[in-house]
Amino acid sequence: MKKMVIIIFSLFFLASFVYGAKLNVIDFSKDSEQIVVMNERDAVKFNFTVRDYHKPVINSDGNEEILFDKLTNEEIIKLEKVGTDRVDLTIFIEGAETPQYVTLANNTQMKLDFERDFIDDLSIGLVSIKDKQVSLVFNVLDRTGNPDLRIIGKRKGWYAEEAVNETSSGTNVPSWYENWKIWVIVVLVILVLFFNRRFIRRTFRRVGRNLR
């Protein structure tokens, strides 16, 4: 199903260029800042180095060591619609199930996190709009800071075994004990019925007489 969604979006994307749209290719290895002039339905394509994280290990110094592989992904950003003071963008991130749809206002910028490690990778700024022609500036960020490995680990399933171990090594409280309030109510009802047997019998007799 995921592959089918990606194929459908790819077909729509490629079909748009049959009708005169332009695909701009930029290279961040030459300059970390790139300014691109685009028209409606044009797109920008570029290669971007991302980090594929592995489960951290404890090194010989007793510190947690973050391990990752460097991968080169192809990212595409399409200019869908041009307004008077804002533009609509569609962002195709490699590996994502669906594109992202964002609106960028004039003289503002947005940041993208391709790796989903909670460290921003790239900023996109809307410089100007003139006669439906748009100037966008792309900046590769320093990517300083520590990734949130706990969140990444949950997404990648690093801690699935640990979660099972924590559950199995717990106090093993039976489910009936967790619902002790329900059992208290049940016992109280039984006691009330037991000590009021004569009253209940009389009540049923009266109801029976009224029904005759």
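In what follows, the structure referred to is the one given above.
As a starting point, this report considers the structure included with it.

Let's shift gears to the pairing of strand 8 (residues 122-130). Judged from the four bridges that link them, strand 7 (residues 109-112) and strand 8 form a sheet pairing that is antiparallel. Residue glutamine 109 lies in a different strand from strand 8, and its bridge partner there is glycine 125. Both strand 8 and strand 9 (residues 133-140) contribute to a ladder of eight bridges, which runs antiparallel. Looking across to strand 9, one finds that isoleucine 124 is bridged to phenylalanine 138. Hairpin connection from strand 8 to strand 9: two residues lie between these consecutive antiparallel strands, with aspartate 131 at a positive phi of about 55°.

Position of aspartate 117 among the secondary structure elements: in the loop between strand 7 and strand 8. A distance of 3.1 Å separates the side chain of aspartate 117 from the backbone nitrogen of isoleucine 119, its partner in a polar contact. Look past the residues within four positions of aspartate 117 in its chain and what remains in contact with it is Arg51, Tyr53, Pro147, Asp148 and Ile152.

Further remarks concern the side chain of glutamate 115. If you trace the backbone, glutamate 115 turns up in the loop between strand 7 and strand 8. From its side chain, glutamate 115 meets the backbone nitrogen of arginine 51 in a polar contact 2.7 Å long. When sequence neighbours within four positions are dropped, the list of residues in contact with glutamate 115 reads Thr49, Val50, Arg51, Tyr53, Asp121, Arg143 and Arg155.

Counting 26 residues, the largest nonpolar core has Phe46, Leu89, Leu122, Ile124 and Phe138 as its most contacted members. Those elements that provide at least two residues to this core are strand 2 (33-38), strand 3 (43-58), strand 4 (64-82), strand 5 (86-92), strand 6 (100-105), strand 7, strand 8 and strand 9. If one sorts the elements of this core by residue count, strand 3 sits on top with four residues. Membership of the second largest hydrophobic core comes to five residues, among which are Tyr53, Leu149, Trp158 and Tyr159.

Any two side chains of opposite charge can pair, so long as their charged atoms come close to each other. Tallying each qualifying case throughout the model produces nine salt bridges. Glutamate 74 is the partner of lysine 45 in a salt bridge, and the nearest nitrogen-oxygen pair spans 3.8 Å. Of the two residues, lysine 45 is situated in strand 3 and glutamate 74 in strand 4; the sequence distance between them amounts to 29 residues. Assessed through its relative accessible area of 37%, glutamate 74 is described here as partly exposed. Here the salt bridges do not stand alone but share partners, grouping Arg51, Glu115, Asp117, Asp121 and Arg143 into one network.

Scoring rules and cut-offs
- Residues numbered from 1 in each chain as written.
- Predicted model: local features only at pLDDT ≥ 70, side-chain atom pairs only at ≥ 80, totals over all residues.
- Heavy atoms only, no water.
- Pairing = 2+ DSSP bridges.
- Helix = DSSP H or I, 4+ residues; strand = E, 2+ residues; numbered from the N terminus.
- Polar contact = N/O pair within 3.5 Å; in protein donor to acceptor, adjacent residues only side chain to side chain.
- Contact = heavy atoms within 4.5 Å.
- Core = buried A, V, L, I, M, F, W, Y, C linked by side-chain atoms within 4.5 Å.
- Buried < 20%, exposed > 50% of the residue type's maximum accessible area, 1.4 Å probe, protein only.
- Salt bridge = Lys/Arg side-chain N within 4 Å of Asp/Glu carboxyl O.

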